[in-house]
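Given next are the chains, with one letter for each unit.
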Amino acid sequence: MSEPTIPSTTKSMDAIMALCKRRGFVFQASDIYGGINGFWDYGPLGAQLKKNLREAWWQDMIMNPCWGRKGPNGERVKCVPLETCIIQHPKVWEASGHLAGFADPMRKCPGCGHFVRADQYWEYMVQWSEWLASLIQNFEPHTGRYDTEVLMKWARTKGKRLAPNLALVKNPEVTLSFFATRVNGQPDVPPDMKELVGYIGTEQLHQTGLQEPCPRCGAPLGPPAPFKLMFETWSGVLQTDENKVFLRPETAQGVFLHFKNVVDSTRVRIPFGIGNTGRSFRNEVTPRNYTYRSREFEQAELEFFCHPDESPAWYAFWRDFRMDWWKSIGLAGENLILREHDKDELSHYSVGTSDVEYRFPFTAPGYGELEGIAHRGDYDLTQHQKHSKVKLDYFDTTRGELLPNGGRKGERYIPHCIEPAAGLDRGALALICEGYTVDPSRPSPEFLKLHPRIAPIKAAVFPLMDKDGLPEIGEKLYDELFAKFGRTGAIDFDTKQNIGKRYARMDEAGCPFCFTIDADTVKDQTVTVRDRDTGAQQRIGIDKVAGYLGEKLGV
Ligand code: GAP
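In this report, the structure presented in the accompanying data block is examined.

Reading the values: rules and limits
- Residues numbered from 1 in each chain as written.
- Predicted model: local features only at pLDDT ≥ 70, side-chain atom pairs only at ≥ 80, totals over all residues.
- Heavy atoms only, no water.
- Helix = DSSP H or I, 4+ residues; strand = E, 2+ residues; numbered from the N terminus.
- Buried < 20%, exposed > 50% of the residue type's maximum accessible area, 1.4 Å probe, protein only.
- Contact = heavy atoms within 4.5 Å.
- Areas by Shrake-Rupley, 256 points an atom, 1.4 Å probe, with all protein chains shown as cover.
- Axes fitted to C-alpha atoms, helices over the stretch in contact; angles between N-to-C directions.
- Left-handed = near helix turned anticlockwise from the far one by under 90°.
- Nonpolar A, V, L, I, M, F, W, Y, C, P; charged D, E, K, R; others polar.
- Pairing = 2+ DSSP bridges.
- Near = heavy atom within 4 Å.
- Polar contact = N/O pair within 3.5 Å; in protein donor to acceptor, adjacent residues only side chain to side chain.

1. Some points on the overall build of the protein chain
(1) Moving on: Regarding its fold elements, the protein chain presents 19 helices and 23 strands.
(2) Moving on: Put simply, the protein chain has 555 residues, and 52% of those count as buried.
(3) Moving on: If you take every contact in the protein chain between residues at least 6 apart in sequence, the share linking residues at least 24 apart comes to 66%.
(4) Moving on: Carbon and sulfur atoms make up 52% of the accessible area of the protein chain, which totals about 25,900 Å².

2. Regarding the packing of helix α16 (residues 470-485) against helix α19 (residues 545-553)
(1) Moving on: Interhelical geometry of α16 versus α19 gives an angle of 35 degrees and a closest axis separation of 10 Å. Note on packing geometry: the crossing formed by α16 with α19 is right-handed. Within the contact between the two elements, α16 uses L477, E480, L481, K484 and F485 and α19 uses V545, A546, L549, G550 and L553.
(2) Moving on: For the contact of α16 with α19, the per-class residue count stands at 7 nonpolar, 1 polar and 2 charged.

3. What about the pairing of strand β19 (residues 457-463)?
(1) Moving on: Counting buried positions along β19 gives 7 out of 7 residues, so the element sits mostly inside the fold.
(2) Moving on: When β19 meets strand β20 (residues 490-493), the two strands line up parallel, connected through 4 bridges. Residue V461 lies in a different strand from β20, and its bridge partner there is F493.
(3) Moving on: Taken together, the 5 bridges between β19 and strand β21 (residues 513-517) define a ladder with parallel strand orientation. By the bridge assignment for β21, V461 is matched with F515.

4. A few points about the site of the ligand
(1) Moving on: E250, E284, S294, E301 and E369 are the nearest of the 21 residues found near the ligand.
(2) Moving on: In the environment of the ligand, a nitrogen atom lies 3.0 Å from a nitrogen or oxygen atom belonging to the side chain of E419.
(3) Moving on: With respect to the ligand, the backbone of G423 contributes an N or O atom lying 3.2 Å from an oxygen atom.
(4) Moving on: Coverage of the ligand by the protein amounts to 91% of the 550 Å² it exposes when considered alone.

Right, dumping it as C-alpha coordinates:
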(Lines give C-alpha, C1' and ligand atoms only; values in the text may rest on other atoms or scores of the structure.)
Protein backbone atom coordinates (compact mmCIF):
# COMPACT_ATOMS: atom_id res chain seq x y z
CA MET A 1 0.00 0.00 0.00
CA SER A 2 2.85 2.40 0.66
CA GLU A 3 4.59 1.89 -2.68
CA PRO A 4 4.48 4.90 -5.01
CA THR A 5 1.43 4.95 -7.23
CA ILE A 6 1.15 6.79 -10.52
CA PRO A 7 2.70 10.26 -10.22
CA SER A 8 -0.04 12.80 -9.64
CA THR A 9 1.35 14.79 -12.56
CA THR A 10 -0.29 12.41 -15.01
CA LYS A 11 -3.72 12.39 -13.39
CA SER A 12 -6.64 14.43 -14.66
CA MET A 13 -8.27 16.65 -12.06
CA ASP A 14 -11.46 16.75 -14.13
CA ALA A 15 -11.67 12.96 -14.03
CA ILE A 16 -11.02 12.91 -10.26
CA MET A 17 -13.71 15.52 -9.64
CA ALA A 18 -16.16 13.61 -11.84
CA LEU A 19 -15.52 10.42 -9.87
CA CYS A 20 -15.94 12.29 -6.58
CA LYS A 21 -19.32 13.62 -7.64
CA ARG A 22 -20.51 10.39 -9.27
CA ARG A 23 -19.66 8.26 -6.25
CA GLY A 24 -20.64 10.76 -3.56
CA PHE A 25 -17.30 11.87 -2.17
CA VAL A 26 -17.60 15.62 -2.74
CA PHE A 27 -20.52 17.81 -3.83
CA GLN A 28 -20.56 21.50 -4.45
CA ALA A 29 -22.30 23.25 -1.56
CA SER A 30 -25.79 24.55 -2.49
CA ASP A 31 -25.51 22.53 -5.67
CA ILE A 32 -29.17 22.86 -6.74
CA TYR A 33 -28.84 26.65 -6.56
CA GLY A 34 -25.80 26.63 -8.80
CA GLY A 35 -23.25 26.26 -5.99
CA ILE A 36 -21.51 28.87 -3.90
CA ASN A 37 -17.92 29.77 -4.67
CA GLY A 38 -15.41 28.42 -2.16
CA PHE A 39 -17.72 26.01 -0.31
CA TRP A 40 -17.81 22.23 -0.66
CA ASP A 41 -19.81 19.48 1.02
CA TYR A 42 -18.92 15.84 1.48
CA GLY A 43 -21.23 13.09 0.28
CA PRO A 44 -21.75 9.76 2.05
CA LEU A 45 -18.36 8.31 1.07
CA GLY A 46 -16.45 11.58 1.49
CA ALA A 47 -17.93 12.27 4.93
CA GLN A 48 -16.77 8.86 6.15
CA LEU A 49 -13.36 9.22 4.51
CA LYS A 50 -12.85 12.56 6.23
CA LYS A 51 -14.03 11.13 9.54
CA ASN A 52 -11.47 8.33 9.19
CA LEU A 53 -8.75 10.89 8.47
CA ARG A 54 -9.78 13.02 11.45
CA GLU A 55 -9.85 9.97 13.71
CA ALA A 56 -6.46 8.76 12.47
CA TRP A 57 -5.08 12.19 13.36
CA TRP A 58 -6.84 12.20 16.73
CA GLN A 59 -5.56 8.72 17.54
CA ASP A 60 -1.95 9.24 16.42
CA MET A 61 -1.57 12.81 17.70
CA ILE A 62 -3.55 12.83 20.94
CA MET A 63 -4.60 9.41 22.20
CA ASN A 64 -1.39 7.55 21.32
CA PRO A 65 0.85 10.42 20.20
CA CYS A 66 3.50 9.52 17.64
CA TRP A 67 2.66 5.80 17.96
CA GLY A 68 4.36 5.72 21.36
CA ARG A 69 7.65 7.12 20.06
CA LYS A 70 9.81 8.86 22.61
CA GLY A 71 10.43 12.60 22.19
CA PRO A 72 13.83 14.33 22.30
CA ASN A 73 13.53 14.41 26.13
CA GLY A 74 13.62 10.59 26.10
CA GLU A 75 10.02 10.29 27.31
CA ARG A 76 6.74 9.37 25.64
CA VAL A 77 4.99 12.31 24.02
CA LYS A 78 1.98 13.59 26.00
CA CYS A 79 -1.03 15.30 24.43
CA VAL A 80 -4.61 16.13 25.43
CA PRO A 81 -7.63 17.17 23.36
CA LEU A 82 -9.66 20.36 23.43
CA GLU A 83 -12.72 21.57 21.54
CA THR A 84 -13.16 25.30 21.22
CA CYS A 85 -15.73 27.70 19.75
CA ILE A 86 -15.68 29.11 16.25
CA ILE A 87 -16.59 32.53 17.65
CA GLN A 88 -14.36 33.95 20.35
CA HIS A 89 -14.00 37.31 22.05
CA PRO A 90 -13.01 39.85 19.35
CA LYS A 91 -9.94 40.79 21.38
CA VAL A 92 -8.52 37.33 20.64
CA TRP A 93 -7.97 38.35 17.03
CA GLU A 94 -6.48 41.66 18.06
CA ALA A 95 -3.97 39.83 20.24
CA SER A 96 -3.20 37.14 17.67
CA GLY A 97 -2.44 39.74 15.02
CA HIS A 98 -5.21 38.55 12.68
CA LEU A 99 -7.22 41.77 12.85
CA ALA A 100 -4.31 43.92 11.79
CA GLY A 101 -2.41 41.60 9.51
CA PHE A 102 -4.68 38.90 8.09
CA ALA A 103 -5.32 40.43 4.68
CA ASP A 104 -4.38 39.73 1.08
CA PRO A 105 -3.41 42.45 -1.37
CA MET A 106 -6.17 42.69 -4.01
CA ARG A 107 -6.44 44.43 -7.34
CA LYS A 108 -9.77 45.41 -8.80
CA CYS A 109 -10.46 45.61 -12.51
CA PRO A 110 -12.30 48.84 -13.28
CA GLY A 111 -13.57 47.26 -16.51
CA CYS A 112 -15.41 44.12 -15.36
CA GLY A 113 -15.18 44.43 -11.56
CA HIS A 114 -13.14 41.22 -11.25
CA PHE A 115 -10.74 40.93 -8.28
CA VAL A 116 -7.28 39.43 -8.62
CA ARG A 117 -4.91 38.60 -5.78
CA ALA A 118 -1.91 40.80 -6.42
CA ASP A 119 0.55 38.13 -5.34
CA GLN A 120 -1.09 35.53 -7.62
CA TYR A 121 -1.42 37.70 -10.69
CA TRP A 122 1.52 36.17 -12.47
CA GLU A 123 0.26 32.68 -11.79
CA TYR A 124 -2.75 33.44 -14.01
CA MET A 125 -0.53 34.81 -16.67
CA VAL A 126 1.96 31.97 -16.46
CA GLN A 127 -0.88 29.57 -17.22
CA TRP A 128 -0.96 31.11 -20.66
CA SER A 129 2.77 31.24 -21.06
CA GLU A 130 3.14 28.34 -23.47
CA TRP A 131 0.52 29.75 -25.79
CA LEU A 132 1.83 33.23 -25.48
CA ALA A 133 5.30 32.20 -26.54
CA SER A 134 3.88 30.75 -29.71
CA LEU A 135 1.32 33.50 -30.23
CA ILE A 136 3.85 36.22 -30.01
CA GLN A 137 5.95 34.44 -32.58
CA ASN A 138 2.95 33.85 -34.86
CA PHE A 139 1.32 37.25 -34.70
CA GLU A 140 3.14 40.42 -35.49
CA PRO A 141 2.40 42.53 -32.46
CA HIS A 142 3.11 46.00 -33.77
CA THR A 143 1.49 45.90 -37.17
CA GLY A 144 -0.92 42.95 -37.19
CA ARG A 145 -4.43 42.79 -35.79
CA TYR A 146 -5.50 40.11 -33.38
CA ASP A 147 -8.68 38.78 -34.77
CA THR A 148 -10.59 36.70 -32.25
CA GLU A 149 -11.61 34.17 -34.89
CA VAL A 150 -7.98 33.74 -35.96
CA LEU A 151 -6.99 33.36 -32.37
CA MET A 152 -9.61 30.70 -31.65
CA LYS A 153 -8.67 28.82 -34.81
CA TRP A 154 -5.03 28.95 -33.92
CA ALA A 155 -5.78 27.64 -30.42
CA ARG A 156 -7.77 24.74 -31.89
CA THR A 157 -4.80 23.70 -34.02
CA LYS A 158 -2.85 23.48 -30.76
CA GLY A 159 -5.54 21.25 -29.27
CA LYS A 160 -6.67 24.02 -26.88
CA ARG A 161 -10.03 25.64 -26.30
CA LEU A 162 -9.99 29.26 -25.27
CA ALA A 163 -12.70 30.19 -22.81
CA PRO A 164 -14.70 33.09 -24.27
CA ASN A 165 -14.23 35.16 -21.13
CA LEU A 166 -10.43 35.07 -21.23
CA ALA A 167 -8.81 38.42 -21.64
CA LEU A 168 -6.94 36.90 -24.54
CA VAL A 169 -10.21 36.30 -26.37
CA LYS A 170 -12.20 39.30 -25.23
CA ASN A 171 -9.54 41.86 -25.71
CA PRO A 172 -6.67 40.21 -27.54
CA GLU A 173 -5.10 43.39 -28.80
CA VAL A 174 -4.64 44.90 -25.39
CA THR A 175 -3.58 41.65 -23.81
CA LEU A 176 -1.16 40.54 -26.45
CA SER A 177 0.32 43.93 -27.07
CA PHE A 178 0.89 44.14 -23.37
CA PHE A 179 2.99 41.02 -23.48
CA ALA A 180 4.49 41.71 -26.86
CA THR A 181 5.77 45.15 -25.91
CA ARG A 182 7.54 43.49 -23.06
CA VAL A 183 8.94 40.55 -24.98
CA ASN A 184 10.06 42.02 -28.26
CA GLY A 185 13.47 43.51 -28.53
CA GLN A 186 14.33 42.88 -24.90
CA PRO A 187 17.86 41.73 -24.27
CA ASP A 188 18.54 38.70 -22.07
CA VAL A 189 15.06 37.23 -22.37
CA PRO A 190 15.20 33.91 -20.53
CA PRO A 191 14.32 30.96 -22.76
CA ASP A 192 11.72 29.51 -20.44
CA MET A 193 8.44 31.30 -20.83
CA LYS A 194 7.50 31.02 -17.18
CA GLU A 195 10.59 32.91 -16.22
CA LEU A 196 10.01 35.21 -19.12
CA VAL A 197 6.55 36.22 -18.00
CA GLY A 198 7.78 36.78 -14.48
CA TYR A 199 10.62 38.79 -15.91
CA ILE A 200 8.32 40.86 -18.06
CA GLY A 201 6.02 41.50 -15.16
CA THR A 202 8.59 42.53 -12.65
CA GLU A 203 11.43 44.12 -14.60
CA GLN A 204 9.82 45.66 -17.61
CA LEU A 205 6.68 46.97 -16.03
CA HIS A 206 8.50 49.67 -14.19
CA GLN A 207 10.33 50.77 -17.32
CA THR A 208 7.27 51.05 -19.57
CA GLY A 209 4.80 52.32 -17.00
CA LEU A 210 2.10 50.16 -18.60
CA GLN A 211 -0.35 48.49 -16.24
CA GLU A 212 -1.09 44.79 -16.12
CA PRO A 213 -4.29 43.71 -17.83
CA CYS A 214 -7.17 42.02 -16.06
CA PRO A 215 -6.98 38.28 -16.77
CA ARG A 216 -10.71 38.36 -17.57
CA CYS A 217 -11.27 41.39 -19.78
CA GLY A 218 -7.86 42.87 -20.50
CA ALA A 219 -8.50 46.32 -18.99
CA PRO A 220 -5.61 47.69 -16.91
CA LEU A 221 -5.94 46.55 -13.28
CA GLY A 222 -6.14 48.98 -10.39
CA PRO A 223 -3.51 49.21 -7.63
CA PRO A 224 -3.28 46.63 -4.84
CA ALA A 225 -5.36 47.26 -1.71
CA PRO A 226 -5.65 45.06 1.41
CA PHE A 227 -8.63 42.73 1.59
CA LYS A 228 -9.53 41.35 5.03
CA LEU A 229 -9.81 37.60 5.16
CA MET A 230 -11.90 37.14 8.31
CA PHE A 231 -15.65 36.66 8.04
CA GLU A 232 -17.58 39.02 10.29
CA THR A 233 -20.97 38.71 11.93
CA TRP A 234 -22.74 39.98 15.05
CA SER A 235 -23.38 38.33 18.38
CA GLY A 236 -26.55 39.67 20.00
CA VAL A 237 -29.61 41.55 18.89
CA LEU A 238 -27.99 44.79 17.79
CA GLN A 239 -25.86 44.73 14.69
CA THR A 240 -23.47 47.36 16.00
CA ASP A 241 -19.69 47.62 16.00
CA GLU A 242 -19.64 46.63 19.69
CA ASN A 243 -21.38 43.36 18.83
CA LYS A 244 -19.18 42.54 15.89
CA VAL A 245 -17.51 39.11 16.09
CA PHE A 246 -15.42 37.02 13.73
CA LEU A 247 -15.49 33.44 12.51
CA ARG A 248 -12.14 31.94 13.49
CA PRO A 249 -9.54 31.76 10.73
CA GLU A 250 -7.64 29.00 12.60
CA THR A 251 -8.35 26.56 15.42
CA ALA A 252 -5.00 27.29 17.07
CA GLN A 253 -6.02 30.40 19.02
CA GLY A 254 -8.65 28.50 21.02
CA VAL A 255 -5.82 26.40 22.43
CA PHE A 256 -3.68 29.33 23.59
CA LEU A 257 -6.69 30.79 25.42
CA HIS A 258 -7.00 27.63 27.53
CA PHE A 259 -3.33 26.92 28.15
CA LYS A 260 -3.71 27.87 31.81
CA ASN A 261 -7.06 26.08 32.23
CA VAL A 262 -5.58 22.86 30.86
CA VAL A 263 -2.50 23.05 33.11
CA ASP A 264 -4.71 23.77 36.14
CA SER A 265 -7.31 21.09 35.41
CA THR A 266 -5.14 18.16 34.33
CA ARG A 267 -1.84 16.59 35.35
CA VAL A 268 -0.03 17.47 32.12
CA ARG A 269 3.34 19.12 32.60
CA ILE A 270 5.69 20.71 30.09
CA PRO A 271 6.46 19.36 27.52
CA PHE A 272 2.95 18.51 26.32
CA GLY A 273 0.58 19.21 23.47
CA ILE A 274 -3.04 20.29 23.11
CA GLY A 275 -4.92 19.22 19.98
CA ASN A 276 -7.95 20.95 18.50
CA THR A 277 -9.86 20.09 15.34
CA GLY A 278 -12.69 21.93 13.64
CA ARG A 279 -13.95 24.30 11.01
CA SER A 280 -12.09 27.48 10.17
CA PHE A 281 -13.18 30.25 7.85
CA ARG A 282 -11.25 32.50 5.53
CA ASN A 283 -12.84 34.77 2.99
CA GLU A 284 -10.26 33.70 0.42
CA VAL A 285 -10.03 36.10 -2.49
CA THR A 286 -9.71 33.39 -5.05
CA PRO A 287 -10.99 30.07 -3.74
CA ARG A 288 -9.86 27.50 -6.25
CA ASN A 289 -8.50 24.10 -7.07
CA TYR A 290 -11.54 22.25 -5.81
CA THR A 291 -11.43 21.84 -2.02
CA TYR A 292 -7.77 22.91 -1.84
CA ARG A 293 -8.49 26.58 -1.18
CA SER A 294 -11.97 26.94 0.29
CA ARG A 295 -13.64 29.58 2.39
CA GLU A 296 -14.81 27.06 4.99
CA PHE A 297 -12.45 24.20 5.79
CA GLU A 298 -11.40 21.92 8.59
CA GLN A 299 -8.14 22.02 10.47
CA ALA A 300 -6.44 19.59 12.84
CA GLU A 301 -3.90 21.53 14.86
CA LEU A 302 -1.64 20.60 17.72
CA GLU A 303 0.03 23.23 19.89
CA PHE A 304 2.97 21.59 21.60
CA PHE A 305 4.39 23.54 24.55
CA CYS A 306 7.98 23.10 25.66
CA HIS A 307 10.89 24.83 27.35
CA PRO A 308 12.54 27.40 25.02
CA ASP A 309 15.89 25.54 25.15
CA GLU A 310 14.25 22.32 23.97
CA SER A 311 12.16 23.91 21.24
CA PRO A 312 14.58 23.37 18.30
CA ALA A 313 14.71 19.62 19.07
CA TRP A 314 10.91 19.39 19.36
CA TYR A 315 10.49 21.34 16.14
CA ALA A 316 12.70 18.81 14.30
CA PHE A 317 10.88 15.93 16.01
CA TRP A 318 7.41 17.05 14.94
CA ARG A 319 8.54 17.88 11.41
CA ASP A 320 9.85 14.33 10.96
CA PHE A 321 6.89 12.66 12.61
CA ARG A 322 4.35 14.53 10.49
CA MET A 323 6.08 13.39 7.30
CA ASP A 324 6.08 9.80 8.56
CA TRP A 325 2.42 10.10 9.47
CA TRP A 326 1.24 11.23 6.04
CA LYS A 327 3.29 8.41 4.53
CA SER A 328 1.67 5.90 6.91
CA ILE A 329 -1.79 6.64 5.52
CA GLY A 330 -0.86 6.31 1.90
CA LEU A 331 0.93 9.39 0.54
CA ALA A 332 4.07 8.18 -1.03
CA GLY A 333 7.24 8.66 -2.95
CA GLU A 334 7.97 11.72 -5.00
CA ASN A 335 4.52 13.21 -4.53
CA LEU A 336 5.30 14.15 -0.92
CA ILE A 337 8.03 16.52 0.23
CA LEU A 338 9.06 18.47 3.30
CA ARG A 339 10.05 22.04 2.52
CA GLU A 340 11.72 24.43 4.95
CA HIS A 341 10.51 28.02 4.54
CA ASP A 342 12.96 30.73 3.59
CA LYS A 343 13.27 33.46 6.20
CA ASP A 344 11.26 35.95 4.11
CA GLU A 345 8.35 33.49 3.82
CA LEU A 346 7.81 33.15 7.56
CA SER A 347 4.54 34.32 9.18
CA HIS A 348 4.68 37.24 11.58
CA TYR A 349 4.90 34.91 14.57
CA SER A 350 7.13 32.17 13.22
CA VAL A 351 10.81 31.62 13.94
CA GLY A 352 10.88 28.59 11.65
CA THR A 353 8.36 26.71 9.52
CA SER A 354 8.40 23.61 7.35
CA ASP A 355 5.59 22.54 5.09
CA VAL A 356 4.57 19.02 4.21
CA GLU A 357 3.69 19.47 0.56
CA TYR A 358 1.89 17.22 -1.89
CA ARG A 359 2.13 17.28 -5.65
CA PHE A 360 -1.53 17.70 -6.56
CA PRO A 361 -2.45 17.30 -10.24
CA PHE A 362 -3.22 21.05 -10.34
CA THR A 363 0.09 22.09 -8.75
CA ALA A 364 2.28 19.63 -10.67
CA PRO A 365 5.14 19.75 -11.37
CA GLY A 366 5.07 21.98 -8.26
CA TYR A 367 3.67 21.14 -4.84
CA GLY A 368 0.89 22.48 -2.60
CA GLU A 369 0.86 22.80 1.19
CA LEU A 370 -0.84 20.04 3.12
CA GLU A 371 0.36 20.95 6.57
CA GLY A 372 2.61 23.57 8.14
CA ILE A 373 4.86 22.77 11.09
CA ALA A 374 5.69 26.09 12.71
CA HIS A 375 7.96 27.06 15.56
CA ARG A 376 5.80 29.86 16.98
CA GLY A 377 8.17 30.71 19.82
CA ASP A 378 6.37 32.37 22.75
CA TYR A 379 4.49 34.75 20.45
CA ASP A 380 0.92 33.65 21.15
CA LEU A 381 1.05 33.16 24.91
CA THR A 382 2.92 36.46 25.27
CA GLN A 383 0.39 38.29 23.13
CA HIS A 384 -2.62 36.88 24.99
CA GLN A 385 -0.96 37.57 28.34
CA LYS A 386 -0.44 41.17 27.26
CA HIS A 387 -3.97 41.70 25.89
CA SER A 388 -5.91 39.76 28.55
CA LYS A 389 -3.68 40.82 31.47
CA VAL A 390 -3.86 37.21 32.70
CA LYS A 391 -0.53 35.53 33.48
CA LEU A 392 0.14 32.72 31.04
CA ASP A 393 3.61 31.75 32.18
CA TYR A 394 4.46 28.34 33.56
CA PHE A 395 6.25 27.35 36.74
CA ASP A 396 8.49 24.38 36.00
CA THR A 397 9.38 22.48 39.17
CA THR A 398 11.82 20.23 37.33
CA ARG A 399 14.21 23.10 36.56
CA GLY A 400 16.30 25.64 38.39
CA GLU A 401 18.92 25.34 41.06
CA LEU A 402 19.33 22.02 42.87
CA LEU A 403 18.15 22.35 46.49
CA PRO A 404 19.72 20.61 49.50
CA ASN A 405 16.61 18.41 49.79
CA GLY A 406 17.28 17.03 46.29
CA GLY A 407 14.43 18.98 44.71
CA ARG A 408 14.70 21.93 42.32
CA LYS A 409 14.10 25.59 42.97
CA GLY A 410 11.91 25.82 39.88
CA GLU A 411 11.88 28.11 36.86
CA ARG A 412 9.15 30.43 35.59
CA TYR A 413 8.94 30.96 31.85
CA ILE A 414 6.59 31.39 28.89
CA PRO A 415 6.74 28.10 27.02
CA HIS A 416 7.60 27.96 23.36
CA CYS A 417 5.11 26.39 21.00
CA ILE A 418 5.64 24.00 18.09
CA GLU A 419 2.55 23.77 15.91
CA PRO A 420 1.86 20.99 13.41
CA ALA A 421 -1.20 22.46 11.62
CA ALA A 422 -2.87 20.15 9.11
CA GLY A 423 -5.79 20.76 6.79
CA LEU A 424 -8.21 17.85 6.70
CA ASP A 425 -9.81 18.88 3.40
CA ARG A 426 -6.44 19.15 1.72
CA GLY A 427 -5.49 15.85 3.34
CA ALA A 428 -8.63 14.15 2.01
CA LEU A 429 -8.03 15.62 -1.42
CA ALA A 430 -4.40 14.49 -1.49
CA LEU A 431 -5.42 10.95 -0.48
CA ILE A 432 -8.06 10.84 -3.20
CA CYS A 433 -5.63 12.19 -5.83
CA GLU A 434 -2.92 9.76 -4.74
CA GLY A 435 -5.31 6.81 -4.74
CA TYR A 436 -6.94 7.65 -8.06
CA THR A 437 -5.71 5.08 -10.56
CA VAL A 438 -6.64 4.41 -14.16
CA ASP A 439 -6.18 0.96 -15.64
CA PRO A 440 -8.16 0.45 -18.87
CA SER A 441 -7.60 -3.31 -18.72
CA ARG A 442 -9.82 -3.66 -15.65
CA PRO A 443 -13.62 -3.89 -15.56
CA SER A 444 -13.38 -0.77 -13.36
CA PRO A 445 -10.91 1.34 -15.36
CA GLU A 446 -10.93 3.98 -12.61
CA PHE A 447 -10.41 3.01 -9.01
CA LEU A 448 -9.23 4.47 -5.72
CA LYS A 449 -6.28 2.88 -3.96
CA LEU A 450 -7.16 4.26 -0.54
CA HIS A 451 -5.25 3.07 2.50
CA PRO A 452 -7.48 0.60 4.42
CA ARG A 453 -7.39 2.87 7.45
CA ILE A 454 -8.83 5.75 5.44
CA ALA A 455 -11.16 3.86 3.08
CA PRO A 456 -14.80 4.76 3.84
CA ILE A 457 -16.00 1.22 3.08
CA LYS A 458 -13.75 -1.33 4.74
CA ALA A 459 -15.12 -4.48 3.16
CA ALA A 460 -17.97 -5.83 1.08
CA VAL A 461 -19.79 -9.13 1.43
CA PHE A 462 -21.20 -10.41 -1.86
CA PRO A 463 -23.30 -13.56 -2.14
CA LEU A 464 -22.67 -14.52 -5.77
CA MET A 465 -26.36 -15.28 -6.32
CA ASP A 466 -29.51 -14.19 -4.57
CA LYS A 467 -30.59 -17.80 -3.91
CA ASP A 468 -29.52 -21.26 -2.72
CA GLY A 469 -28.91 -20.05 0.83
CA LEU A 470 -26.01 -17.80 -0.20
CA PRO A 471 -27.62 -14.54 1.04
CA GLU A 472 -28.20 -16.10 4.46
CA ILE A 473 -24.53 -17.12 4.77
CA GLY A 474 -23.56 -13.65 3.58
CA GLU A 475 -25.75 -11.94 6.13
CA LYS A 476 -24.19 -13.94 8.92
CA LEU A 477 -20.72 -12.92 7.78
CA TYR A 478 -21.88 -9.33 7.38
CA ASP A 479 -23.21 -9.29 10.95
CA GLU A 480 -19.90 -10.60 12.25
CA LEU A 481 -17.82 -8.05 10.32
CA PHE A 482 -20.17 -5.21 11.19
CA ALA A 483 -19.95 -6.03 14.90
CA LYS A 484 -16.15 -6.11 14.76
CA PHE A 485 -15.33 -3.31 12.30
CA GLY A 486 -18.49 -1.24 11.85
CA ARG A 487 -17.06 1.53 14.03
CA THR A 488 -14.13 1.99 11.61
CA GLY A 489 -16.27 2.46 8.49
CA ALA A 490 -19.00 0.87 6.43
CA ILE A 491 -19.33 -2.81 5.55
CA ASP A 492 -21.21 -3.24 2.28
CA PHE A 493 -23.64 -6.06 1.58
CA ASP A 494 -25.10 -6.57 -1.87
CA THR A 495 -26.79 -9.50 -3.52
CA LYS A 496 -27.84 -7.83 -6.77
CA GLN A 497 -26.06 -7.14 -10.11
CA ASN A 498 -23.41 -9.27 -11.74
CA ILE A 499 -20.31 -9.69 -9.62
CA GLY A 500 -18.05 -7.70 -11.99
CA LYS A 501 -20.25 -4.65 -11.60
CA ARG A 502 -20.32 -5.05 -7.84
CA TYR A 503 -16.51 -5.23 -7.74
CA ALA A 504 -16.25 -2.19 -10.00
CA ARG A 505 -18.53 -0.20 -7.70
CA MET A 506 -16.38 -1.09 -4.70
CA ASP A 507 -13.16 -0.28 -6.60
CA GLU A 508 -14.41 3.22 -7.34
CA ALA A 509 -15.38 3.66 -3.70
CA GLY A 510 -11.88 2.60 -2.64
CA CYS A 511 -13.10 -0.48 -0.72
CA PRO A 512 -9.99 -2.63 -0.21
CA PHE A 513 -11.53 -6.09 0.17
CA CYS A 514 -14.55 -7.95 -1.18
CA PHE A 515 -15.61 -11.34 0.21
CA THR A 516 -17.67 -13.43 -2.18
CA ILE A 517 -19.87 -16.33 -1.15
CA ASP A 518 -20.57 -18.93 -3.81
CA ALA A 519 -21.70 -22.54 -4.19
CA ASP A 520 -18.34 -23.81 -2.87
CA THR A 521 -18.90 -21.88 0.35
CA VAL A 522 -21.83 -24.17 1.08
CA LYS A 523 -19.64 -27.21 0.48
CA ASP A 524 -16.36 -26.28 2.12
CA GLN A 525 -17.01 -23.09 4.17
CA THR A 526 -14.53 -21.00 2.18
CA VAL A 527 -15.04 -17.62 0.54
CA THR A 528 -13.19 -15.69 -2.15
CA VAL A 529 -11.22 -12.62 -1.03
CA ARG A 530 -10.64 -10.13 -3.82
CA ASP A 531 -7.91 -7.55 -3.45
CA ARG A 532 -8.86 -4.15 -4.88
CA ASP A 533 -5.39 -3.13 -6.04
CA THR A 534 -4.33 -6.29 -7.83
CA GLY A 535 -7.71 -7.87 -8.53
CA ALA A 536 -6.11 -11.10 -7.22
CA GLN A 537 -8.44 -13.63 -5.63
CA GLN A 538 -7.79 -16.31 -3.03
CA ARG A 539 -9.92 -18.64 -0.97
CA ILE A 540 -9.94 -18.54 2.79
CA GLY A 541 -12.13 -20.17 5.42
CA ILE A 542 -15.22 -18.14 6.29
CA ASP A 543 -14.19 -18.40 9.94
CA LYS A 544 -10.87 -16.70 9.07
CA VAL A 545 -12.42 -13.64 7.38
CA ALA A 546 -12.66 -11.44 10.48
CA GLY A 547 -9.07 -12.20 11.47
CA TYR A 548 -7.87 -11.53 7.92
CA LEU A 549 -9.69 -8.20 7.75
CA GLY A 550 -8.61 -7.16 11.25
CA GLU A 551 -4.97 -7.72 10.32
CA LYS A 552 -5.29 -5.75 7.08
CA LEU A 553 -7.12 -2.87 8.76
CA GLY A 554 -4.66 -2.84 11.64
CA VAL A 555 -7.42 -2.99 14.27
N1 GAP B 1 -2.52 27.86 12.87
C2 GAP B 1 -1.68 27.95 11.72
C3 GAP B 1 -2.40 27.92 10.47
O4 GAP B 1 -3.61 28.05 10.42
P5 GAP B 1 -2.07 27.71 7.91
O6 GAP B 1 -0.86 27.25 7.13
O7 GAP B 1 -2.68 28.99 7.53
O8 GAP B 1 -1.60 27.71 9.42
C9 GAP B 1 -2.88 25.25 8.26
O10 GAP B 1 -3.17 26.58 7.87
C11 GAP B 1 -3.47 24.29 7.25
O12 GAP B 1 -4.85 24.57 7.05
C13 GAP B 1 -2.85 24.42 5.84
O14 GAP B 1 -1.65 23.68 5.74
C15 GAP B 1 -3.94 23.85 4.98
O16 GAP B 1 -3.87 22.44 4.94
C17 GAP B 1 -5.21 24.26 5.71
N18 GAP B 1 -5.79 25.46 5.05
C19 GAP B 1 -5.44 26.73 5.22
N20 GAP B 1 -6.19 27.54 4.44
C21 GAP B 1 -7.03 26.74 3.76
C22 GAP B 1 -8.08 26.96 2.80
N23 GAP B 1 -8.42 28.17 2.42
N24 GAP B 1 -8.75 25.89 2.31
C25 GAP B 1 -8.43 24.64 2.71
N26 GAP B 1 -7.47 24.37 3.62
C27 GAP B 1 -6.78 25.40 4.14
